[in-house]
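Structural description and commentary
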Amino acid sequence: MSDIPAATPRARVRVPLRFHDGYAVDAELVTFHGLADGREHVAVVLGDPAPGAVPLVRLHSECLTGDVFGSARCDCGPQLREAVERIAGRGGVLLYLRQEGRGIGLYNKLDAYALQDEGLDTYAANTALGLPEDARDYTAAAQMLTALGIRELDLLSNNPDKADQLRDLGMTVRDRVPTGVFTTPHNVRYLRAKVLQTEHTLPLPALTERTETAGAPGTAEVVGAAGRTAG
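Residues numbered from 1 in each chain as written. Predicted model: local features only at pLDDT ≥ 70, side-chain atom pairs only at ≥ 80, totals over all residues. Heavy atoms only, no water.

Attention shifts here to the side chain of Glu62. Tracing the sequence through the fold places Glu62 in the loop between strand E4 (56–61) and helix H1 (64–68). Residue class for Glu62 comes out buried when judged on its relative accessible area of 18%. Side chain to side chain, Glu62 and Arg98 meet in a polar contact 3.0 Å long. What Glu62 contacts, discounting residues up to four positions off in sequence, is Asp67, Tyr96, Leu97, Arg98, Gln99, Glu100 and Gly101. (Helix = DSSP H or I, 4+ residues; strand = E, 2+ residues; numbered from the N terminus. Buried < 20%, exposed > 50% of the residue type's maximum accessible area, 1.4 Å probe, protein only. Polar contact = N/O pair within 3.5 Å; in protein donor to acceptor, adjacent residues only side chain to side chain. Contact = heavy atoms within 4.5 Å.)

In structure tokens:
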């Protein structure tokens, strides 16, 4: 691992997770001492991997509006729900990282939303506020994985920067596994910006088609890798 301080597990607790659609799974939540950024990140350990299997891991940045309130302006809540089930089915870890708004914080994120309402995309809005397009640093994530004994993983993500940062921090990312693509009428431009600005692996033609025509307000479609509605 690169030259960063080691973190150690602080506490482990079993928590039954229950989602609004009825899905339920038991998880082990792990907290840590010594994380580089001093934030209260949590590892959610799920499933029972086969002996010697490479775990499936997601780095999920906290999103109060999407994860808790079900905001349709992003895809964070559906991605979180999907990740828990996929990881539980295979065995691995979801790291819940306290990096609201790609690291700029909740209030700044809401200020950026107001600028998006005026026509800026999600990255330009951050820049207009004098903030980085993406301020996230995954050093703490690498510390957490190492403390859990994980040095090789498959990463559940559409974001190439997550894999690149983990590799730079000494982790072995064997594969980057795409998530579903959860569209609403309110988040298609946001998803397109992620493709065009930061090379997220999302089906751009399908997102283009849905820019004006995605389903009814408040609903979400899952678009497959080839742009087909998957469910």
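Following the sequence through the fold, Leu59 ends up in strand E4. By relative accessible area, which is 0% here, Leu59 ends up buried. On a C-alpha basis, the gap between Leu59 and Ala163 in space is 9.8 Å, while along the polypeptide they are 104 residues apart. Those residues within four positions of Leu59 in sequence are excluded, and the remaining contacts are Leu95, Leu97, Tyr138, Ala141, Leu155, Lys162 and Leu166.

Now for a nonpolar patch on the surface. Together, Leu64, Val68 and Phe69 make up an exposed nonpolar region whose accessible area comes to about 300 Å². With respect to the helices, strands and loops of the structure, Phe69 is situated in the loop between H1 and helix H2 (76–90). (Patch = residues over 30% accessible without salt bridge, like charges linked within 9 Å, V, L, I, M, F, W, Y side chains within 5 Å. Areas by Shrake-Rupley, 256 points an atom, 1.4 Å probe, with all protein chains shown as cover. Salt bridge = Lys/Arg side-chain N within 4 Å of Asp/Glu carboxyl O.)

Turning next to the sheet that holds strand E7 (residues 172–177). Two pairing modes exist for strands in a sheet, parallel and antiparallel, and in both the strands are linked by backbone hydrogen bonds. If you walk across this open sheet you meet the seven strands as E1-E2-E3-E5-E4-E6-E7, and the pairing is mixed. A single partner strand is all that each edge strand has here, and the edge strands are strand E1 (8–18) and E7. Here the strands of the sheet are splayed against their neighbours by 30 degrees on average, with no regard to which way each runs. Relative to E7, strand E6 (residues 152–156) is paired through five bridges, and the arrangement is parallel. If you follow Leu156 over to E7, its bridge partner there is Val177. Along the sheet, H2 contacts E1, strand E2 (24–33), strand E3 (42–46), E4, strand E5 (92–97), E6 and E7; its crossing angle with E4, the most-contacted strand, is approximately 160 degrees. (Pairing = 2+ DSSP bridges. Axes fitted to C-alpha atoms, helices over the stretch in contact; angles between N-to-C directions.)

Within the structure shown, the criterion is met by one aromatic pair. For the pair Phe19 and Tyr23, a centre-to-centre distance of 6.0 Å together with 35 degrees between the ring planes defines the contact as tilted. In this structure Phe19 comes out as partly exposed when scored by relative accessible area, which is 23%. One cation-aromatic arrangement involves Arg73 over Tyr113; the distance from NZ or CZ to the ring centre is 4.2 Å. Taking the ring centre of Phe19 as reference, the NZ or CZ of Arg81 above it sits at 5.5 Å. (Phe/Tyr/Trp six-rings, centres within 6.5 Å; stacked < 30°, edge-to-face > 60°. Lys NZ or Arg CZ within 6 Å of the ring centre and 35° of its normal.)

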